[in-house]
Amino acid sequence: MPSVRELETRVGQEVAVSPWLEVTQERIDTFAKAIDDFQWIHVDRERAKNSPFGKTIAHGFLTLSLLSNLSEQTFSFSDRRMGINYGLNRVRFTSPVPVGSRVRARFTLAKFEKIEGNGVQVTWNVVVEMDGNAKPALVAEWLGRHYY
């Protein structure tokens, strides 16, 4: 994507698909430490073997947090000097993400609005897919602000 401003012509279109990213146990454990959420379904490999999932699963908020990484791997705007998260209008954790899964994000541009300070606010409809799973892991309406 050459320019943030060129996104305006892409409203209503899928703009990009991120590369795949593996959700490892190390990533899950690091996230658990960062937020002090050590629920056994995320970090206790032995106990999780007897769960409905047969193994540990990622925190839903870990999956959500991966949006920043997935978007940064996907988009490179020649004129952007700064980008910030502005919020979420809607988030649903539609399927658990078992350890070892590969996820990627599909970004469809829902809105493009000019804002003060040489910027734009974009609203993305994001679907986080899991490799080999028909049901997405997460769907969200995500707002970002980009300044050029």
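The rules we used
For every chain, the first residue of its written sequence is number 1, and the numbers climb from 1 along that sequence. Two thresholds apply to this predicted model, a pLDDT of at least 70 for residue-level local features and 80 or more for giving and counting side-chain atom pairs, whereas whole-chain, interface and lining totals are computed over all residues. The side-chain values count all of the structure's non-hydrogen atoms but skip hydrogen atoms and water molecules. A helix here means a DSSP run of H or I that spans at least four residues, while a strand means a run of E at least two residues long, and both kinds are numbered starting from the N terminus. Between buried and exposed lies partly exposed: a residue is buried under 20% and exposed over 50% of the maximum accessible area for its type, with that area taken using a 1.4 Å probe on protein chains only. We call two residues contacting when some pair of their heavy atoms lies within 4.5 Å. Cavities and pockets were defined on a 1 Å grid built from protein atoms only: a cavity is a group of points that admits a 1.4 Å probe but offers it no way out, a pocket is an open group of points flanked by protein on both sides within 12 Å along at least five of seven lines, and a lining residue is one with an atom within 4 Å of any such point. Grid points are joined across faces, edges and corners, and a volume is the space filled by probe spheres set on the points. Throughout, the ten residues Ala, Val, Leu, Ile, Met, Phe, Trp, Tyr, Cys and Pro are labelled nonpolar, Asp, Glu, Lys and Arg are labelled charged, and all others, Gly among them, are labelled polar. The term polar contact refers here to a pair of N or O atoms within 3.5 Å; inside protein, the definition further demands a hydrogen-donor-capable atom paired with an acceptor-capable atom, and it admits residues adjacent in sequence only when both atoms are side-chain atoms. Axis definition: a line fit to C-alpha positions, over the contact stretch in the case of helices; interaxial angles, taken between N-to-C directions, run 0 to 180 degrees. Just so you know how the angles are binned, under 35 degrees is roughly parallel, over 145 roughly antiparallel, 65 to 115 roughly perpendicular, and the rest oblique. Here a salt bridge means any side-chain nitrogen of Lys or Arg lying within 4 Å of a carboxyl oxygen belonging to Asp or Glu. Two aromatic rings, drawn from Phe, Tyr or Trp (for Trp, its six-membered ring), form a pair once their centres lie within 6.5 Å of each other, and the interplanar angle then sorts them: stacked below 30 degrees, edge-to-face above 60, tilted otherwise. By definition, being over a ring means that NZ of Lys or CZ of Arg is both within 6 Å of the ring centre and within 35 degrees of the ring normal.

Draft legend 1. The arrangement of the environment of glycine 83 in detail. Positionally, glycine 83 belongs in strand β3 (residues 82-93). Overall, glycine 83 belongs to the partly exposed group, its relative accessible area being 38%. Beyond its immediate stretch of four places on either side in the chain, glycine 83 contacts Arg145 and His146.

Draft legend 2. Representation of the layout of surface pockets within the structure. Roughly 260 Å³ of internal volume is contained in the largest pocket. If you trace the largest pocket, you find 15 residues lining it, with Ser71, Glu72, Arg80, Trp142 and His146 closest to the centre. If you list the elements that add at least two residues to the lining of the largest pocket, you get α4 (60-74), β3 and β6 (133-147). The dominant element in the lining of the largest pocket, judged by the number of residues it contributes, is β6, at 4 residues. Among the residues forming the lining of the largest pocket, the class breakdown is 6 nonpolar, 7 polar and 2 charged.

Draft legend 3. Seen up close, the side chain of glutamine 25. On the secondary structure map, glutamine 25 appears in helix α1 (residues 25-35). A relative accessible area of 11% means that glutamine 25 is categorised as buried. A distance of 3.0 Å separates the side chain of glutamine 25 from the backbone oxygen of histidine 42, its partner in a polar contact.

Draft legend 4. The arrangement of the environment of threonine 108 in detail. Mapped onto the elements of the fold, threonine 108 is located in strand β4 (residues 102-115). Sequence separation between threonine 108 and asparagine 125 is 17 residues, and the spatial gap between their C-alpha atoms is 5.1 Å. Not counting the four nearest positions on each side in its chain, threonine 108 is found in contact with Gly12, Gln13, Glu14, Val15, Thr123, Trp124 and Asn125.

Draft legend 5. Summary view of the environment of methionine 130. Following the sequence through the fold, methionine 130 ends up in strand β5 (residues 119-130). The sequence separation of methionine 130 and valine 103 amounts to 27 residues, and the corresponding C-alpha distance is 4.5 Å. In this structure methionine 130 touches Trp20, Ser95, Pro96, Val97, Pro98, Ser101, Arg102, Val103, Lys135 and Ala137, once residues within four positions along its chain are discounted.

Draft legend 6. Structural view of the packing of α1 against α4. Axis separation between α1 and α4 bottoms out at 10 Å; the angle between their running directions is 100°. In terms of axis orientation, α1 runs roughly perpendicular to α4. Across the interface between the two elements, Arg27, Ile28 and Phe31 of α1 pack against Phe61, Leu62, Ser65 and Leu66 of α4. Classifying every residue of the contact of α1 with α4 gives 5 nonpolar, 1 polar and 1 charged.

Draft legend 7. Representation of the pattern of salt bridges in the model. With the rule as written, the count across this model stands at 9 salt bridges. Among the ionic pairs, glutamate 129 bridges to arginine 104, the shortest N-O distance being 2.7 Å. Here glutamate 129 is found in strand β5, whereas its partner arginine 104 is found in strand β4, with 25 residues between them in sequence. What you see here is one network of salt bridges that share partners, running through Glu14, Arg104, Arg106 and Glu129.

Draft legend 8. Local environment of the packing of aromatic side chains. The tally for this structure, following the rule as stated, stands at 5 aromatic pairs. Seen from their ring centres, phenylalanine 75 and phenylalanine 77 are 5.7 Å apart, and the 10° between their planes marks the pair as stacked. Summarising the burial analysis for this pair, phenylalanine 75 and phenylalanine 77 share the class buried. Every member of this aromatic cluster is reached through a ring pair, and the members are Phe75, Phe77, Phe107 and Trp124. The cationic tip of arginine 145 hangs over the ring face of tyrosine 86; the distance from NZ or CZ to the ring centre is 3.7 Å.

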